[in-house]
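What follows is the residue order along each chain.
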Amino acid sequence: MHFVTIALTTICCLGTGLSAIAPAPAAPAASAAVGNPAAPASNFYLELRSVMRNVPYKQIEHLVQAYLLNDAEFQALIREINSLPTYRLRMQLLNQPELRQFLQWLSQQLILSGGSLKVFEDLELEIKVLNKYPHWAQSVNGIGGFEQEFSFIYPLAAIRNLLETSAQQSAVFGEFWQRVVGLKPVYERFLATTQAKAFANRLRTLGVDVAGLDSFLRYQLGWSNDTVIPSYDYDYNYGFY
Ligand SMILES: *[C@@H]1O[C@H](CO)[C@@H](O)[C@H](O)[C@H]1NC(C)=O
């Protein structure tokens, strides 16, 4: 399965890209609330934040740190993600008109509800350069090991469920989810480009389960209803803490 180095990186990069294109912050929501006491009880920014709180951020940060410091395969993957061609690919993706439109809408809705795209900065990882626990040096197990541990800690189905439930409970969140689901054709079009295919090949060469990553993204973002079933047996004696 798996994935998520990239999912995560995509989200982080997106977050960073987002802040870059985000319009200047609007007046604080507090003043809007004062002027409009009849404001609806639902608040998109808070709703989105509460969904994002289910991302086990600290655990992911530890996992990424352990692998980044101690695992050569994972280090190669991170170098690939930070290479110039991959940077260009990311820009190419962010420049897709539908995605730009989506981000503009998202930014507006967040500002209207008292937040901003900075909400995604919470997902940025802070990696320190020394092992937090000495056994990290021996507990890493290549990209496959990372994928396995990531899928073990990331509540994919629960988050998908929460996205759908939230969409039913609030009009703006409903539109948000509809728009996310509506990005599927952009994703398909992007995957079909020569540059994206070359990137997928480079990932495969590095040992990434690209098909698993693809299923993960599709399921998480509502582009597919096929649950991602881990294809391995997790060894519970071999956690990374
Ligand atoms: C997933 O299931 C929902 C509810 O049955 C449906 O509305 C939606 O179209 C399905 N999505 C895909 C990508 O098949």
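Residues numbered from 1 in each chain as written. Predicted model: local features only at pLDDT ≥ 70, side-chain atom pairs only at ≥ 80, totals over all residues. Heavy atoms only, no water.

(A) Examining the pattern of salt bridges more closely. Taken as a whole, this structure holds eight salt bridges when the rule is applied. Among the ionic pairs, Arg-218 bridges to Glu-188, the shortest N-O distance being 2.9 Å. On the criterion of sequence distance, the pair formed by Arg-218 in helix α14 (residues 210–220) and Glu-188 in helix α12 (residues 184–191) is long-range, its members being 30 residues apart. Look at Arg-218 and you get buried, because its relative accessible area is 14%. (Salt bridge = Lys/Arg side-chain N within 4 Å of Asp/Glu carboxyl O. Helix = DSSP H or I, 4+ residues; strand = E, 2+ residues; numbered from the N terminus. Buried < 20%, exposed > 50% of the residue type's maximum accessible area, 1.4 Å probe, protein only.)

(B) A look at the packing of α12 against α14. Look at α12 against α14: their axes get within 11 Å of each other, and the N-to-C directions meet at 160°. As judged from the angle between their axes, α12 and α14 are roughly antiparallel. Between α12 and α14 lies a crossing of right-handed hand. Between α12, through Lys-184, Tyr-187, Glu-188 and Leu-191, and α14, the contact on the second element is made entirely by Asp-214, Leu-217 and Arg-218. When grouped by side-chain class, the residues that make up the contact of α12 with α14 number three nonpolar, no polar and four charged. (Axes fitted to C-alpha atoms, helices over the stretch in contact; angles between N-to-C directions. Parallel < 35°, antiparallel > 145°, perpendicular 65-115°, else oblique. Left-handed = near helix turned anticlockwise from the far one by under 90°. Contact = heavy atoms within 4.5 Å. Nonpolar A, V, L, I, M, F, W, Y, C, P; charged D, E, K, R; others polar.)

(C) Local environment of the site of the ligand. Taken together, Trp-223, Ser-224 and Asn-225 make up all the residues around the ligand. Interatomic distance of 2.3 Å between a side-chain N/O atom of Asn-225 and an oxygen atom of the ligand. Contact with the protein chains hides 29% of the accessible area of the ligand, taken as 360 Å² for the molecule alone. (Near = heavy atom within 4 Å. Polar contact = N/O pair within 3.5 Å; in protein donor to acceptor, adjacent residues only side chain to side chain. Areas by Shrake-Rupley, 256 points an atom, 1.4 Å probe, with all protein chains shown as cover.)

(D) Up close: the nonpolar core. Residues Leu-48, Leu-106, Leu-110, Phe-120 and Phe-176 are the most contacted members of the largest nonpolar core, which totals 57 residues. Among the elements that make up this core, the one with the highest residue count is helix α7 (residues 97–112) (six residues). Phe-176 has contacts with Phe-44, Leu-48, Phe-102, Trp-105, Leu-106 and Leu-163, leaving out every residue within four places of it along the chain. (Core = buried A, V, L, I, M, F, W, Y, C linked by side-chain atoms within 4.5 Å.)

(E) The confidence of the model for the chain, seen in detail. Taken over all residues, the pLDDT of the chain has a mean of 85, while the share at 70 or more is 78%. Note on residues 1–35: pLDDT is under 50 here. Beyond four places in sequence and across chains, it has 60 contacts. Confidence drops under a pLDDT of 50 for residues 232–241, and excluding neighbours within four residues, the segment shows 29 contacts in the predicted structure. (pLDDT = per-residue confidence, 0-100.)

(F) Inspection of the environment of Phe-176 at higher detail. With respect to the element layout, Phe-176 can be found in helix α11 (residues 171–181). Since its relative accessible area comes to 7%, Phe-176 is described here as buried.

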